[in-house]
Amino acid sequence: MKAGERILVVGAGLSGAVIGRELAQAGCKVEIVDSRGHIGGNCHTERDAATGVMVHVYGPHVFHTDDAEVWSYVNGFGTFLPYRNRVKTTVGGQVYSLPVNLHTINQFFGRSLRPDEARAFIEEQADRTISDPRTFEEQALRFVGRALYEAFFKGYTQKQWGCSPTELPASILKRLPVRFNYDDNYFFHAYQGIPKDGYSAMVARILDHPDITVTLGTDFRRGQGTGFAHIFHSGPLDGYFDYARGRLGYRTLDFERFTHDGDYQGCAVMNYGDLAVPHTRITEHKHFAPWEEHAGSVCYREFSRACEPGDIPYYPIRLVEEKAQLAEYVALAQMERGVTFVGRLGTYRYLDMDVTIREALDTARLFLDRRAAEAAMPSFLKPPL
Ligand SMILES: Cc1cc2nc3c(=O)[nH]c(=O)nc-3n(C[C@H](O)[C@H](O)[C@H](O)COP(=O)(O)OP(=O)(O)OC[C@H]3O[C@@H](n4cnc5c(N)ncnc54)[C@H](O)[C@@H]3O)c2cc1C
């Protein structure tokens, strides 16, 4: 690699920031552009001026990982405080614990079963006539039976995906979605937390390097990256090619923000499983920072719908149709020289933050190795299909 080589990074989210930092540390001059007016991408946090609450602007983010190197990396740029994600759900006028656990089962069926009894009870509920489940609904019925499926999976899934669980593949529900103990921690990972002063402050520290410049409010278009030794693109893959093969399907979210004096719901996340309730959940942001105290509160009522042009793409749909279209974009990307597509939008995959950082670190390392060997950098770190 030539010293001082100029690298363009599109997007100042976690992917762009981590790649930029690694390459700047290795001696590159890194220029990062982002179309938004802030850094941090979808993890962006900002303090609400009126209440002082740290708001997760694009929806709540809890950091969880088993990757010790990634955990050490993020702790190098921010102080993480312990946070356990404990989610509740309101169904039929009652509040239950999630993920479905022994407490949920006992509450829902009005029982006081012990673990083995609950396991046997759920096996009785399960629909064993379904031997080869093809749809989400069949899979759920086979695992937990109709009563639990209708209360805790059907309505929420339908609202989230905008279609009936009979139209979704069984693969979405890979394993038994029930715990036979009272563990209500949403994640199993060894390391879990939230940065004390928010994700954007952490990303600002990652970007704080003399060889990184960040230009906000700048939309990158294909063909604008002349003069750079390489481009890392964390914007949408289909957008890069001007949607030449159509738009890849995403779900978008609408957040109806409201404030409240005091404590609105007593927890960070309350799901709503009933179809009659149009929103999927309400998040109350001050509960994501239990180390802070605020009299006021900021909440988001969250609605899911199909992503239209101009909306923020949140969740890639990745069903059969989208995968065929994705294959066409992957073929186009592989013909492009000097560009590597990264991150959740560049590879059209749902990626948690820890996976995003792991892939960003590996991408930067691969780039440095390939440059040293004077070998070409691939379009993707991993095949997106
Ligand atoms: C609702 C929701 C909740 C989530 N909660 C969690 C959670 O609790 N825990 C967890 O681990 N993960 C969570 N995630 C995943 C997390 O958001 C991602 O891992 C992370 O945002 C990926 O970072 P990224 O840099 O790849 O993408 P992004 O954050 O989307 O960054 C891409 C950036 O590129 C910019 N950009 C795009 N196109 C262009 C262009 N043409 N020109 C210039 N700039 C451009 C965008 O403005 C954006 O800032 C959640 C995701 C969603 C949708």
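Report on the accompanying structure.

### Examining the overall build of the protein chain
Here comes step 1: Tallying secondary structure elements over the protein chain gives 10 helices and 17 strands in all.
Here comes step 2: By the compact-globule yardstick of 21 Å for 385 residues, the protein chain fits well, its C-alpha radius of gyration being 22 Å.
Here comes step 3: Over its C-alpha atoms, taken along the principal directions, the protein chain stretches across nearly 70 × 50 × 35 Å.
Here comes step 4: For the protein chain, with 385 residues in total, the buried portion stands at 55%.

### Considerations on the environment of Lys323
Here comes step 1: Checked against the element boundaries, Lys323 lands in helix α8 (residues 320–335).
Here comes step 2: For Lys323, a relative accessible area of 38% puts it in the partly exposed group.
Here comes step 3: It is 9.7 Å that separates the C-alpha atoms of Lys323 and Gly249, two residues lying 74 residues apart in sequence.
Here comes step 4: Dropping the residues within four chain positions of it, Lys323 is found in contact with Arg318 and Leu385.

### Things to note about the pairing of strand β13 (residues 269–272)
Here comes step 1: Of the two faces of β13, the one holding Val269 and Asn271 and the one holding Met270 and Tyr272 are both buried throughout.
Here comes step 2: Note: strand β7 (residues 87–91) against β13, four bridges, orientation parallel. Paired with Lys88 across the bridge in β13 is Met270.
Here comes step 3: Summarising the sheet, β13 and strand β14 (residues 281–284) pair through three bridges and their orientation is antiparallel. Note that in β14 the partner of Asn271 across the bridge is Arg281.

### Digging into the sheet that holds strand β12 (residues 250–261)
Here comes step 1: Within the open sheet, the seven strands sit side by side as β8-β7-β13-β14-β15-β12-β16. Their pairing is mixed. The open sheet has two edge strands with one neighbour each: β8 (94–97) and β16 (315–316).
Here comes step 2: Pairing geometry for β14 and strand β15 (residues 296–306), over four bridges, is antiparallel. Bridge assignment links Arg281 to a residue of β15, and that residue is Glu302.

### Details of unusual backbone geometry
Here comes step 1: A cis amide bond links Leu98 to the next residue, Pro99, at an omega of -15°.
Here comes step 2: Within the fold, Pro99 resides in the loop between β8 and α3 (102–109).
Here comes step 3: Of note in this structure, Arg318 is not a glycine but carries a positive phi near 50°.

### Topic: the site of the ligand
Here comes step 1: Taken together, 34 residues form the shell around the ligand, and within it Ser15, Asp34, His61, Leu351 and Met353 come nearest.
Here comes step 2: Backbone polar atom of Val62 to an oxygen atom of the ligand: 2.8 Å apart, as the coordinates give it.
Here comes step 3: At 3.2 Å, a side-chain N or O of Asp219 approaches a nitrogen atom of the ligand.
Here comes step 4: For the ligand, the accessible surface in isolation is 1000 Å², of which the surrounding protein chains cover 94%.
Here comes step 5: If you list the elements that add at least two residues to the shell around the ligand, you get α1 (14–25), β2 (29–34), α9 (343–346) and α10 (353–372).

### Some details on the sheet that holds strand β10 (residues 212–216)
Here comes step 1: The sheet built from five strands is open, its strands ordered β10-β2-β1-β11-β17 with parallel pairing. Both outer strands of the open sheet, β10 and β17 (339–341), are each paired with one neighbouring strand and no more. Direction aside, neighbouring strands of the sheet carry axes that sit 20° apart on average.
Here comes step 2: Note that β2 and β10 share five bridges and pair parallel. By the bridge assignment for β10, Val30 is matched with Ile212.

### Examining the pairing of β2
Each regular strand carries side chains that alternate between the two faces of the sheet.
Here comes step 1: In this sheet, β2 lies alongside strand β1 (residues 6–10) in parallel orientation, the contact comprising five bridges. Note on β2: the bridge partner recorded for Val9 is Ile32.
Here comes step 2: Chirality of the crossover, the property in question, places the unit of β1, α1 and β2 among those that are right-handed.

### What to know about the pattern of salt bridges
Here comes step 1: All told, the structure shown has 25 salt bridges when counted by the stated rule.
Here comes step 2: Glu138 serves as the salt-bridge partner of Arg134, at 3.2 Å between the closest nitrogen and oxygen.
Here comes step 3: By relative accessible area, Arg134 is classed as exposed at 58%.
Here comes step 4: Here Glu328 makes a salt bridge to Arg245, at a shortest N to O gap of 3.1 Å. Linking Glu328 in helix α8 with Arg245 in the loop between α7 (237–240) and β12, this pair joins segments that are 83 residues apart in sequence.
Here comes step 5: What makes Glu328 partly exposed here is its relative accessible area of 40%.
Here comes step 6: Each member of the salt-bridge network shares a partner with another, and the members are Asp67, Glu69, Arg358, Asp362 and Arg365.

About the criteria used
Residues numbered from 1 in each chain as written. Predicted model: local features only at pLDDT ≥ 70, side-chain atom pairs only at ≥ 80, totals over all residues. Heavy atoms only, no water. Helix = DSSP H or I, 4+ residues; strand = E, 2+ residues; numbered from the N terminus. Rg over C-alpha atoms; globule rule 2.2 N^0.38 Å. Buried < 20%, exposed > 50% of the residue type's maximum accessible area, 1.4 Å probe, protein only. Contact = heavy atoms within 4.5 Å. Pairing = 2+ DSSP bridges. Near = heavy atom within 4 Å. Polar contact = N/O pair within 3.5 Å; in protein donor to acceptor, adjacent residues only side chain to side chain. Areas by Shrake-Rupley, 256 points an atom, 1.4 Å probe, with all protein chains shown as cover. Axes fitted to C-alpha atoms, helices over the stretch in contact; angles between N-to-C directions. Right-handed = clockwise from strand over helix to strand, strands pointing away. Salt bridge = Lys/Arg side-chain N within 4 Å of Asp/Glu carboxyl O.

This is a description of form; function is not addressed.
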